[in-house]
Amino acid sequence: MWYNSGNGDASIINSMAKSAKSSSDAKENSVLGKYMKMFNDSWTYAQQNYHQVWENNWKLYRNIRVKRNHPGTIEAFVPMVNSTVNTIVASLFNSNPSVKYIPNRVDQEDETEILNDIYQDFARRDGWALKNKINGRQGVITGNYFEYLEWQPDENGGYVHKEVVPIRDAIIDPNAHNLDDAAYVGRRFFTSKKNLEEATIYNPESGKVEKRYKDLKDVQEGAGMGGVDTESDKAKKDEALGSVSPDRQSQVEIIEIWTHKEVVVIANRKLVIEQRENPYYALSKAKFNQRKLEHEMERAQVLLETAGAEDIGPFDEDFNEHNAGLIPFAHGCEYPDVSLVYGSSDVDIIADEQELLNTITELNIEAALYQLFPERRIDPKFADKIDNLDPAPGKVYPLPMGAMDWQNPPAIPNNIFAERTNIKGEIREAASVSEISKGITATDSTTATEIKAMLGQADIRIREKADSLAQGFFKQEATIVFKLLQLYADENYMVRMVGEDGVNWGRVDITKFKGEYTPMVTLDVQAQLEKSEKQEAYMGAFQMIIADSTNNLQAAKEIMYPKMMPDLSAEEIDRIITPPEPEMPVEAPLEEA
């Protein structure tokens, strides 16, 4: 029998509520299953093909053996991987890159110098110089750079915040060839339940800042203990170093996956705590509709005022759903492959050589120790004297003649040192690092021409790395930074500009930069190499000019000196080329009569 509660049948209401909850649960389980499959596909692909390689490369960088093939008594590690990685990082990531944004259409704003000032200010405010070094070191070791970018609001209008993501904890569509054609990208990280509860987000529909995550009462801390957390990048590195994080019990595993239209966050692989429209997609669509509405209103106004005689035409901008749904991750490869989403690294190439060098070094040291402390043989009748037979200067052994003798130690091959030197040279050659560029002093027999050739070869390889980095990873980063700036900054955005004359502030109308711009990224090492080549060419030209006595030497100086010495000011160069005024002769005092 149905029980009537006065406002309707309570049983029917309860039944409808249960049905709605069941439908909601089924939908959530469907979302959970869909996005956990994305994560598992990405994780399994990387685990089967890359995780062990990345782990071994990091261990070699930290001077930890991964392939001991000689069970000797000596443990040696020649830190070639460490010095090679640090040399490359110092060359490529010694400062923030500079960016020049180029318009893609003739009707776009072309005065874009201010955009580089904004990019550099973001770098200063968020500490990108250090973050780039950390990411760069990860890239040289594993072959992959990876980062997450988000807009951080503040009293001056906001800036772009950068987070370096360990490549082991990155989530990338394994069917993609690169990030441009990836259906989804994300990250895995660990945080506390308290941080999740305090996280907020702006809701454009309500116009308010709201709690970001839902159903946190069902989230358990430490749920990944002994399981999924042991496979994280931090856990693996702690394990290799013999350390354990003291606060692991309060951690929650978070899987965050972005598509072009949606963002889903999963806690402990069990509960969807966020599912929302990609905020950049929603904001781009809202701004597109606003521009369309403003155009239609302007068109209607013109038609009304001119009685239909003039028409500005229909709205001709199309909404690009793919580009609108920004996925705020940048991923680059040290050595990219045309078919693979992950890249390879220098350490991949030199890892076996590093271990061979370690083994040969151990054998060399053991052979030397056998020479210094050879094995001995003693008559069994005097076995109780063994503990008193350690060698010492002037020591007397209480044994009869012939009771003890010395084993002949193994001879050290003459070419063992040369072989170690050869392996070191092969490692440097493979990693595009010369002895001179690493600070190793040249020998007396090394000519200036040979030194120049060594540096030139290293410069070519470093330039190749820099070009790949600038046109790949940093170009992605600059594109995302610009899109975030377009989405969140307005016509009164405050910019801090730092120059030789100090700090200046100015207002910029970001809304005038419409559409897409192409970022042209230049690393400091690229600028320095180009500058060096130009200076060398100008110096060669100057030598040719002054060799001909018919040329105007003064004019040559005025033209060539600024090009040869661009760091000097015009006033300083003028002082150099201006001959000193002749000193006036001092008249001798007249002698008194």
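A brief look at the structure comes next. (Residues numbered from 1 in each chain as written. Predicted model: local features only at pLDDT ≥ 70, side-chain atom pairs only at ≥ 80, totals over all residues. Heavy atoms only, no water.)

1. Focus: unusual backbone geometry
We count it as follows: Helical segments are the DSSP runs of H or I of at least four residues, strand segments are the runs of E of at least two, and each set is numbered from the N terminus. Residue exposure (1.4 Å probe, protein chains only): buried if accessible area is under 20% of the type maximum, exposed if over 50%, otherwise partly exposed.
In this model, N63 sits at a positive phi of 60°, which is unusual for a non-glycine residue. If you trace the backbone, N63 turns up in the loop between α1 (10–61) and α2 (80–92). Given a relative accessible area of 36%, N63 falls into the partly exposed group. Despite not being glycine, R269 shows a phi value in the positive range, around 65°. When you line up the elements, R269 lands in the loop between β9 (262–267) and β10 (271–277).

2. Concerning the sheet that holds strand β8 (residues 251–258)
Put simply, the rule is: Strands are treated as partners if at least two bridges between them are detected by DSSP. Lines fitted to C-alpha atoms define the axes, with helix axes restricted to the stretch in contact, and inter-axis angles between N-to-C directions lie between 0 and 180 degrees. Any two residues whose heavy atoms approach within 4.5 Å at even a single point are treated as in contact.
With respect to topology, 5 strands assemble into an open sheet ordered β4-β5-β8-β9-β10, the strand pairing being antiparallel. Because the sheet does not close on itself, it has two edges, and the strands there are β4 (170–172) and β10. Averaged over all neighbouring strand pairs, the angle between strand axes comes to 20°, with direction disregarded. Taken together, the 5 bridges between β8 and β9 define a ladder with antiparallel strand orientation. Note that in β9 the partner of I257 across the bridge is V264. Helix α7 (residues 279–305) contacts β8, β9 and β10 of the sheet and is inclined by roughly 20° relative to β10.

3. Looking at the nonpolar core
Inclusion rule: In this description, a nonpolar core means a group of buried Ala, Val, Leu, Ile, Met, Phe, Trp, Tyr and Cys residues linked to one another through side-chain atoms lying within 4.5 Å.
Ranked by size, the top nonpolar core spans 82 residues in total, and within it Y101, F122, L485 and Y493 carry the most contacts. Filtering out sequence-adjacent residues up to four positions away, L485 remains in contact with L115, I118, F122, W151, Y493 and I510. Counting 14 residues, the second-largest nonpolar core is a separate cluster that includes V31, W43, I257 and I266.

4. Examining the environment of D41
Position of D41 among the secondary structure elements: in helix α1. The residues contacting D41, other than those within four sequence positions of it, are P174 and Y184.

5. Some remarks on the side chain of Q108
Operational definition: Counting of polar contacts relies on pairs of N or O atoms within 3.5 Å, with two restrictions inside protein: one atom must be capable of donating a hydrogen and the other of accepting it, and residues adjacent in sequence are counted only when both atoms are side-chain atoms.
Tracing the backbone shows Q108 in the loop between β1 (98–103) and α3 (113–126). Here E516 takes part through its backbone oxygen, which lies 3.1 Å from a polar atom of the side chain of Q108. Not counting the four nearest positions on each side in its chain, Q108 is found in contact with P103, K514, G515, E516 and Y517.

6. A look at the packing of helix α13 (residues 524–547) against helix α14 (residues 553–564)
For clarity, the threshold we go by: An angle below 35 degrees is treated as roughly parallel, one above 145 as roughly antiparallel, one from 65 to 115 as roughly perpendicular, and anything else as oblique.
Two elements in contact, α13 and α14, have axes whose closest approach is 9 Å; the angle formed by their N-to-C orientations is 170°. What the angle tells us is that α13 and α14 run roughly antiparallel. Side by side, α13 and α14 meet where Q535, Y538, M539, A541, F542, I545 and I546 of the first sit next to L553, A556, K557, M560, Y561, K563 and M564 of the second.

7. Observations concerning the sheet that holds strand β2 (residues 144–152)
Strand order in this open sheet of 3 strands is β3-β2-β11, and the pairing throughout is antiparallel. The outermost strands of the open sheet, each flanked by one partner alone, are β3 (159–164) and β11 (329–333). The sheet shows a mean angle of 25° between the axes of neighbouring strands, direction not considered. Relative to β11, β2 runs antiparallel, the two sharing 5 bridges. Opposite Y145, over in β11, you have G332 as the bridge partner. Lying over the sheet, α3 contacts β2 and β3, oriented at roughly 55° with respect to β3.

8. Points about the side chain of R188
Counting through the fold element by element, R188 comes out in strand β5 (residues 185–192). For R188, a relative accessible area of 2% puts it in the buried group. A polar contact of 2.9 Å, which involves the side chain of R188, links it to the side chain of E253.

9. With respect to a negative patch on the surface
Rules: Surface patches are defined over residues having more than 30% relative accessible area and no salt bridge, joining like charges when they lie within 9 Å and nonpolar side chains (Val, Leu, Ile, Met, Phe, Trp, Tyr) when within 5 Å. Reported accessibility uses the Shrake-Rupley method at a 1.4 Å probe radius. Residues are deemed covered only where the shown protein chains occlude them. The salt bridge definition used is simple: a Lys or Arg side-chain nitrogen within 4 Å of an Asp or Glu carboxyl oxygen. The convention is simple: Lys and Arg are positive, Asp and Glu are negative, and His and the chain ends are not counted. Note on charges: their place is set at NZ of Lys, CZ of Arg, CG of Asp or CD of Glu.
Judged by side-chain charge, E558, E571, E572 and D574 come together as a negatively charged surface patch. For the negative patch, the element with the highest residue contribution is helix α15 (residues 570–577), accounting for 3 residues.

10. Side note on the pattern of salt bridges
With the rule as written, the count across this model stands at 25 salt bridges. Here K59 makes a salt bridge to E55, at a shortest N to O gap of 3.4 Å. Taken together, the residues K59 and E55, both in helix α1 and 4 residues apart, mark about one turn of the helix. The same class applies to K59 as to E55, namely buried. Each of the salt bridges in this network shares a partner with another, and the network as a whole consists of R65, R68, E355 and E362.

11. With respect to the packing of aromatic side chains
Our working definition: Note on aromatic contacts: the rings of Phe and Tyr and the six-membered ring of Trp form a pair at centre separations within 6.5 Å, being stacked when their planes are under 30 degrees apart, edge-to-face when over 60 apart, and tilted otherwise. Lysine NZ or arginine CZ positioned within 6 Å of the ring centre and within 35 degrees of the ring normal marks a charge as sitting over the ring.
Applying the stated rule across the entire model yields 24 aromatic pairs. On the numbers, 6.0 Å between centres and 25° between planes, the contact of F39 with W43 is stacked. Note that F39 and W43 are positioned in helix α1 at a spacing of 4 residues, about one turn of the helix. One exposure class covers both F39 and W43, and it is buried. Three or more aromatic residues link up through ring pairs in this structure, and these residues are F122, F146, Y148, W151, W258, Y280, F329, Y488 and Y493. Above the ring of W128, the side-chain terminus of K162 is found at 4.4 Å from the ring centroid. Note that R187 overlies the ring of Y148, its terminal NZ or CZ placed 4.1 Å from the centroid.

12. Focus on α7
An α-helical turn contains 3.6 residues, so a residue and the one three or four places further along point in the same direction. To keep it simple, the criterion reads: Here, expected helix span is obtained from the residue count minus one, scaled by 1.5 Å.
The end-to-end C-alpha distance of α7, which contains 27 residues, comes to 39 Å, matching closely the 39 Å that a straight helix rising 1.5 Å per residue would cover. Of the positions making up α7, those classed as buried are Y280, Y281, S284, F288, H295 and V302. Its side-chain oxygen 2.9 Å from the backbone nitrogen of Y280, N278 forms the N-cap of α7.

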